[in-house]
Amino acid sequence: MDVRCVNGVRSVSCVFANGFSVNPYISACPLIKSPITVTVICHLCPPVHLIPTTPVSEEPSSQGQGQGQGQGKSRKRVIPVPHTEPPEPDPISEAYGYCNTPNHSEQAWEGHSPVDYKLLSVQVMIRHGDRYPLYAIPRTKRPAIDCTLSPKRKPSHPQLSSFIGHMAQGGRALWEGTLSSLPRLPNHNACEMGELTQTGVVQHLRNGQLLRQAYKRHKLLPADWTTKQLWVETTGKSRTLQSGMALLYGFLPDFDWSRLTVHHQWSTLFCGSACDCPARNRYLEEEQRRQYRLRVADAELERTYADMARILGLPPRQLRAANPIDSLLCHLCHGLSFPCAAAGGAAGDGGCLTLAQFAVIRRQQLDDETDRRKAGMYHRYALLAAHPYLNRTANKMERVARASAPGRKARAGREEVFSLYSAHDVTVAPLLSALGLEEARFPRFAARVVFELWKSPSATKVQREEPGQDDAGGVKGESSKGGNEGGVFVRVLYNGEDVTFRTAFCRSHDRHGAQPLCPLDNFLSFVRKDMFSVLNAISYHDACNRRTG
């Protein structure tokens, strides 16, 4: 048995003699007569360099200070300073993180703030949960996955049984467009292409449960919430609608799906009426050309595709068009053997696709992420792709902030205090890039981005003691970027981690100063002006209609 530690994954994998049967979630390998290799991959061993890869710098020793030259050793402690590069990400470990299998506890930092700050609103963007592949590998069997829901099948959740029963109940709700014709639960014994799996449902039940625990002390939504306070928006795919329902079921006590108004968003970019942007499309085309050049220059990747195509009896071009990584990820995430093809005639050499081939494709994808950050073209595309959603987020925050300003009479139930947007990887990825979170990995299944709006205790005190508002109807004491005398602040979290001070709009804020949170004015200024400076423009309209270099 070969025991090794790879950072980022705790699992046990059974790799058979042919190299394809992998089950990362079992605790031991089954008894098999044929020879096997057992690889234990653990999460408990952090990557450390016991021997520095470069010379260490040492403090010069002090000799002869107050003594004769050469007398005794210096008592000063010498601490070596290693200079090592961070380890390269392991493609297999990274892939398991992408699967996001709900088999471990997770720390969520949503709802945390300095003492006595008041939470005003929360806006959440999610990627749908685990799904069946969108593509099939030609001449192989599709993954055998049951997309009906059963509390007796793993992974499960304490709320899964009641969720199934509740969503199966009859009733009527206001669901826009074609949403009312979509199934409220996954319901096929043999999954259809792109269908949400039980794993995907459980992932978002857990997300909802985490958010419920994070926000319950803040009493964000009352028990008798109205549709004006709770905004739900989804694309027209069943996997996004069902993911949103699962999250809300875990989040809301006494959830009732028939009370919801669910808004249909036709664009995966959530750009609504602001989707017309010629420059964005040109940046995307340039980014796709960069991806193609990098891919065809990768000799190892080309050899791997040729080997896979020979096994399956396909032209390499046809195999690449089938996007095999999508199906192979499904096999990996669900602990299934990689697909095989029979030999004979013109059908190809036959055999099974291997974990090593999968690792080459994933490695190239990681290389592409690194090159993408250096090239900067995707970031330009992302700024224009994510701006309409960010602008809506900023406008909602500003409305809530003004409604809570000194002198404003509270109007119960009139402002959206919780918004949920159920989307796709192509929605979340540009959002992260536009925010300046370039180091963030490609969004995993059931990824979540959370925007929180907070009011400081000093602002709350002013509201009690000095009612009134300025002549322009704004927030009294509100100032331009940096001042934030209105005392309203924003937090940004990605998969439960506070990333506010890594964002482009708050990276320079002194979090250890008098104000430990990021002023809302920073975010508003970024969305309305600062983010366009990279594009040599002054507004979204200007950037969209400006000719690219």
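The name given to the chain in an unreviewed UniProt entry is 2-phosphoxylose phosphatase 1, with Esox lucius as the source organism. Note on the chain: under the UniProt heading Catalytic activity (unreviewed entry), the record states "3-O-[beta-D-GlcA-(1->3)-beta-D-Gal-(1->3)-beta-D-Gal-(1->4)-beta-D-2-O-P-Xyl]-L-seryl-[protein] + H2O = 3-O-(beta-D-GlcA-(1->3)-beta-D-Gal-(1->3)-beta-D-Gal-(1->4)-beta-D-Xyl)-L-seryl-[protein] + phosphate".

Before we go on, may I ask you to explain the overall build of the chain in this structure?
If you tally the helices and strands in the chain, you get 14 helices and 14 strands. Counting only residues that meet the buried cut, the chain has 50% of its 549 residues in that class. Excluding contacts between residues fewer than 6 apart, the proportion of contacts in the chain whose partners are at least 24 apart in sequence is 81%. Of the roughly 27200 Å² of accessible surface on the chain, a fraction of 51% belongs to carbon and sulfur atoms.

Hey, could you run me through the side chain of Gln-515 in this one?
Along the chain, Gln-515 turns up in the loop between β13 (497-498) and β14 (518-519). At a separation of 3.0 Å, a polar atom in the side chain of Gln-515 contacts the side chain of Tyr-117. The contact partners of Gln-515, leaving out residues within four places of it in the chain, are Tyr-117, Phe-489, His-509 and Asp-510.

In this structure, what is going on with the packing of aromatic side chains? I would like to understand it.
As enumerated under the stated definition, the model contains 14 aromatic pairs in all. An angle of 65 degrees between the planes, with centres 5.3 Å apart, marks the rings of Phe-163 and Tyr-249 as edge-to-face. With Phe-163 in helix α2 (residues 160-167) and Tyr-249 in helix α4 (residues 238-251), the pair connects residues that are 86 residues apart, well separated along the chain. Taken together, the ring pairs in this structure connect Phe-270, Tyr-389, Tyr-421, Phe-451, Phe-505, Phe-523 and Phe-526 into an aromatic cluster. Here Arg-259 stacks its cationic end above the ring of Trp-225, 4.0 Å away from the centre of that ring. Taking the ring centre of Tyr-378 as reference, the NZ or CZ of Arg-372 above it sits at 4.4 Å.

Before we go on, may I ask you to explain the pairing of strand β7 (residues 261-264) in this structure?
Direction of pairing for strand β5 (residues 174-175) relative to β7: parallel, over a ladder of 2 bridges. Paired with Trp-175 across the strands is Val-262, a residue of β7. Handedness of the crossover joining strand β6 (residues 230-234) and β7 through α4: right-handed.

How do you make sense of the state of the cysteines when you look at a structure like this?
What is meant by a disulfide is a covalent connection between two cysteines, made through their sulfur atoms. Using the criterion set out here, one finds 6 disulfides in the structure. Here Cys-506 connects covalently by a disulfide to Cys-518, the sulfurs 2.0 Å from one another. Here the S-S torsion is close to 125 degrees, and the disulfide linking Cys-506 with Cys-518 is therefore right-handed. Of this pair, Cys-506 sits in the loop between β13 and β14 while Cys-518 sits in strand β14, placing them 12 residues apart in sequence.

What exactly am I supposed to notice about the side chain of Asn-100 here?
Tracing the sequence through the fold places Asn-100 in the loop between α1 (91-99) and β4 (118-127). Residue class for Asn-100 comes out buried when judged on its relative accessible area of 9%. Of note is the side chain of Asn-100, whose polar atom sits 2.8 Å from the backbone oxygen of Phe-445. What Asn-100 contacts, discounting residues up to four positions off in sequence, is Gln-203, Arg-444, Phe-445 and Ala-446.

Honestly, unusual backbone geometry in this entry has me stumped. Any pointers?
The omega angle of the peptide bond from Lys-154 to Pro-155 is -5 degrees, so this bond is cis rather than trans. Considering the arrangement of structural elements, one finds Pro-155 in the loop between β4 and α2. The backbone phi angle of Lys-219 is positive, close to 50 degrees, even though this residue is not glycine. Along the polypeptide, Lys-219 turns up in the loop between α3 (198-215) and β6.

Rules behind the numbers
- Residues numbered from 1 in each chain as written.
- Predicted model: local features only at pLDDT ≥ 70, side-chain atom pairs only at ≥ 80, totals over all residues.
- Heavy atoms only, no water.
- UniProt positions renumbered as here; feature names shortened; annotations may be inferred.
- Helix = DSSP H or I, 4+ residues; strand = E, 2+ residues; numbered from the N terminus.
- Buried < 20%, exposed > 50% of the residue type's maximum accessible area, 1.4 Å probe, protein only.
- Contact = heavy atoms within 4.5 Å.
- Areas by Shrake-Rupley, 256 points an atom, 1.4 Å probe, with all protein chains shown as cover.
- Polar contact = N/O pair within 3.5 Å; in protein donor to acceptor, adjacent residues only side chain to side chain.
- Phe/Tyr/Trp six-rings, centres within 6.5 Å; stacked < 30°, edge-to-face > 60°.
- Lys NZ or Arg CZ within 6 Å of the ring centre and 35° of its normal.
- Pairing = 2+ DSSP bridges.
- Right-handed = clockwise from strand over helix to strand, strands pointing away.
- Disulfide = S-S within 2.5 Å.

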